[in-house]
Amino acid sequence: MADEALFLLLHNEMVSGVYKSAEQGEVENGRCITKLENMGFRVGQGLIERFTKDTARFKDELDIMKFICKDFWTTVFKKQIDNLRTNHQGIYVLQDNKFRLLTQMSSGKQYLEHASKYLAFTCGLIRGGLSNLGIKSIVTAEVSSMPACKFQVMIQKL
């Protein structure tokens, strides 16, 4: 339980630190979001490397996404993704109805405009993990009512 609290505090301080050190133009241009996503990307690469060293090879893309939703998400956020949907054409939607990094902020729509700051790291985390598994992707996050959020993963075909 203590490691979870430390992770939440570290994440909040990362977001706060990136935004405090940024100049006004960087915040407006979205460079802070990019910095946080790049941090998450690198962490996701490292975590996937550690988590998959003893697992069998994945059969296909869907198998990899199931691994992300079950094992990866459970290790990082202490729960599985609540819902995984796909159109079988390279788009996956991962839904977490009680996302840990948003539960401390609010329930409802009070701080919706700030949610993107707190989701950028996780978008990078997913993208980095998929990258290390050989899947190039674009990951976006959407929040309509906190603390629930959806991550949309668009697989880039090479």
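As annotated in an unreviewed UniProt entry, the protein chain carries the name Trafficking protein particle complex subunit 6B and is attributed to Rousettus aegyptiacus. Its UniProt record, at the heading Subunit (unreviewed entry), says of the protein chain: "Homodimer. Part of a TRAPP complex. Heterodimer with TRAPPC3. The heterodimer TRAPPC6B-TRAPPC3 interacts with TRAPPC1 likely providing a core for TRAPP complex formation." The UniProt entry for the protein chain carries this comment under Function (unreviewed entry): "Component of a transport protein particle (TRAPP) complex that may function in specific stages of inter-organelle traffic. Specifically involved in the early development of neural circuitry, likely by controlling the frequency and amplitude of intracellular calcium transients implicated in the regulation of neuron differentiation and survival."

### Some words on the environment of lysine 78
Summarising the element assignment, lysine 78 is placed in the loop between α4 (61-77) and β1 (83-86). Each C-alpha atom of the pair lysine 78 and glutamate 4 lies 8.3 Å from the other, and the pair is 74 residues apart in sequence. Sequence-distant contacts of lysine 78, defined by excluding residues within four places in its chain, comprise Asp3, Glu4, Trp73 and Arg100.

### Focus: the layout of surface pockets
Of the voids in this model, the largest pocket is the one considered here, and its volume is about 200 Å³. Looking at the largest pocket, the residues that line it are Asp3, Glu4, Phe7, Leu10, Met14, Val43, Leu47, Thr75, Val76, Lys78, Phe121 and Leu125. Listing elements by their share of the lining of the largest pocket, those giving two or more residues are α1 (2-21), α3 (31-51), α4 and α6 (115-132). Considering each element in turn, the lining of the largest pocket owes the most residues, 5 residues, to α1. Taken together, the residues of the lining of the largest pocket break down into 8 nonpolar, 1 polar and 3 charged. Residue classes in the lining of the second largest pocket are distributed as 4 nonpolar, 2 polar and 1 charged.

Conventions and cut-offs
- Residues numbered from 1 in each chain as written.
- Predicted model: local features only at pLDDT ≥ 70, side-chain atom pairs only at ≥ 80, totals over all residues.
- Heavy atoms only, no water.
- UniProt positions renumbered as here; feature names shortened; annotations may be inferred.
- Helix = DSSP H or I, 4+ residues; strand = E, 2+ residues; numbered from the N terminus.
- Contact = heavy atoms within 4.5 Å.
- 1 Å grid on protein atoms, 1.4 Å probe; cavity = no way out; pocket = protein on both sides within 12 Å on 5 of 7 lines; lining within 4 Å.
- Points joined across faces, edges and corners; volume = space filled by probe spheres on them.
- Nonpolar A, V, L, I, M, F, W, Y, C, P; charged D, E, K, R; others polar.

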